[in-house]
Structures are given as structure tokens and as C-alpha cells.
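# Structural description and commentary
Residue-level listing of the chains:
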Amino acid sequence: MDELARRRVGTAAGIGAYTIWGVFPLAFHQLRSVDAGEVLLHRIVWSFVFVVGLLVWKGDRRWFDQVRRRPGGFARLGLAGVLIAVNWLTYIWAVTSEQVVQTALGYYITPLINVAIGVLLLGERLNRTQMVALGFGTAAVVVLTVSYGGVPWIALVLAVTFGTYGFLKKTVGVDSTAALAVETAVILPVALAAMALLHRGGDAAFTNGSVGRDVLLVSLGLVTAAPLLLFGVAATRIPLSLLGLLQYLAPTLQLLCGLVAFGEPLPPARLVGFVLVWIALLVLAADAVRTVRGRTPVPVAEPA
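Remember, it's a predicted structure, so these values are computed and weren't measured experimentally. (Residues numbered from 1 in each chain as written. Predicted model: local features only at pLDDT ≥ 70, side-chain atom pairs only at ≥ 80, totals over all residues. Heavy atoms only, no water.)

## Some remarks on the packing of helix α6 (residues 100–122) against helix α8 (residues 153–172)
Here α6 crosses α8 at 45 degrees, and the two axes come no closer than 7 Å. Between α6 and α8, the interaxial angle falls into the category oblique. Crossing of α6 against α8: the hand is right-handed. Every residue of α8 that contacts α6 at Gln102, Thr103, Leu105, Gly106, Tyr107, Ile109, Thr110, Ile113, Asn114, Ile117, Leu121 and Leu122 is listed here: Trp153, Ile154, Ala155, Leu158, Ala159, Val160, Phe162, Gly163, Thr164 and Phe167. Within the contact of α6 with α8, the residues separate by chemical class into 15 nonpolar, seven polar and no charged. (Axes fitted to C-alpha atoms, helices over the stretch in contact; angles between N-to-C directions. Helix = DSSP H or I, 4+ residues; strand = E, 2+ residues; numbered from the N terminus. Parallel < 35°, antiparallel > 145°, perpendicular 65-115°, else oblique. Left-handed = near helix turned anticlockwise from the far one by under 90°. Contact = heavy atoms within 4.5 Å. Nonpolar A, V, L, I, M, F, W, Y, C, P; charged D, E, K, R; others polar.)

What follows is the structure in C-alpha cells.
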């Protein structure tokens, strides 16, 4: 495959991955009759089943050793698993509670959180451009806090948990599929025990409703893993600068889902907050382009 064909395939895969992540609310909104905690349990269990099945099908027997050879690999991925579980639960609850617009805000804020993590955990120094971007981001949070009548905690929980999750995964540095297998394996026993308790108490929605709803719950494994696979294809075929720009497709589609599909409000005061976030992201994008031209790699977010 020549370079042009590789880029076309990579671009298509990147668009596919971020589009799937962007329309997640449409799937989870169909499960609003199921408690968010139970939806989370099924996402953990079926994601583990699908990913391990995929690794077996690929004949990949080295993924466990890849993690084992990384110092502290299992501990870091275990913590990442807990963080992504919190992220998923918050996201599922927000979607089923008609707070999709705030979830979009969370993933818009995530790149700013990544910059903050670099400063707080890695001792990085901000350049002037990044300081300006964080200033706009902070102003956005203040404006939105006033607009919501309280701190936009859904957006902040999503951004902080996902930003820290991404940081932990990058410090381990293994394949996304293998990492997800370990992450879900760590929290799998708790998920299975909780599912057993739900069924014993007769409170489980699974198998106690429509077949279509059960199928949708089982399909959460595929829904979770498919965009990860597409992301992996894109990351190896297109420049990080292009992949970094594509990542904003997901929260943009989530925002459209909230406004158009679910009719959530976006009053002028909140719109001002979003505009401030977009300005911050434009400033960061400009800084990223300048960094790429200096041939320094730019980290790209891999959504949950």
C-alpha cells in the first residue's frame, strides 16, 4: 500500500472512530429505562468478552507479556480501569439524564486537562500560548458555573478521569486492545458479583425486558471496542496533527446529539462558556501545529 492509500485508509478510520464515539449518546439513550449502574456492569463484562475473544482470534499470545514487562504495568492499568469505570458511569448517567451537552463540554475540556496534568505530574512548563489557552479554559468554567448555578461537575469529572486515564495508559505504552483487556479484567470480578446480586434480588433489567434491549446491552462490548480498533488503524497511518484535529469531531457530534436529537437547552450564557472553550482549543491547536513543525510529537486523546 503506497503512502497516499495509507493516509486515505487512516483518515477514514479516524473519522469512523471519532464518529462512533460522537454518536454514543444515541445508543445509551435507548437504554434510559435501565439503571446507569447496570448499564456500566454490562459494558465492563461484554467489553472484556469481546476484547479477549478478539485477542484469541488474532492469535496474539504476547499481550500479557507486554504488560508484564512494563514496570508497574498491571498496577497502572488497574488504576486506569477504575478511572474509566467512573468515567463510563458518569457518562451513562449523564446521557440517560438528558445531560448530553455537558458530556460534550467534558470532552472539549479534556485537552486542557491534559496540559494541566503535564504541569502537575510531569513538571512541564507552559509556554505563553498554553497559558493563554488555560486562561480561556478557566474563564469558561467560571462562566458555566454561574450559568448552571453550580460547578459543571459532569463535565469536570469526565475530563479529569479521562485525562488521568489517558496519562496512565501512555506511561504503560502497550497496545490499546491489550490495555483494555487488562483494564476490564481488573474490575470484572466486581461487575460479575454486582450482576449476580441484581439477578438474585430480581432487580436486573437484563432478561427481564425486550429482546432488543438485551441485544443492545450485549452489543456494548462491540460498541466499546470497535472505535478503539479504528483508532489504532488511524494512529499508525496519519500524522498526529491530523489525528489531533479529528478528535474534536466526537464532542461536536455529542453536542449536536444533545441539541438536535434530544432538544437540550443551550442558553446564551452557556453558549458563551462553550465559545470560550472553543477559543482555548483553537489556541492549543495553533500551538500543536507549531510543535509538529518543530518535529516534536503531540499527544492525541483516545476517548473512552
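Read on for the rest.
## Quick look at the side chain of Thr184
Relative to the assigned elements, Thr184 resides in helix α9 (residues 176–200). Of the residues examined, Thr184 reaches a relative accessible area of 1% and is grouped as buried. At 3.2 Å, the side chain of Thr184 forms a polar contact with the backbone oxygen of Ala181. Setting aside chain neighbours within four positions, we find Thr184 in contact with Ile44, Ser47 and Phe48. (Buried < 20%, exposed > 50% of the residue type's maximum accessible area, 1.4 Å probe, protein only. Polar contact = N/O pair within 3.5 Å; in protein donor to acceptor, adjacent residues only side chain to side chain.)

## What about the packing of aromatic side chains?
Per the stated rule, a full pass over the model turns up twelve aromatic pairs. Judged by centre distance (6.4 Å) and plane angle (85 degrees), the rings of Tyr108 and Phe274 are edge-to-face. Taken together, the positions of Tyr108 in helix α6 and Phe274 in helix α14 (residues 268–293) put the pair 166 residues apart, joining distant regions of the chain. In this structure, Tyr108 and Phe274 share a single accessibility class: buried. (Phe/Tyr/Trp six-rings, centres within 6.5 Å; stacked < 30°, edge-to-face > 60°.)

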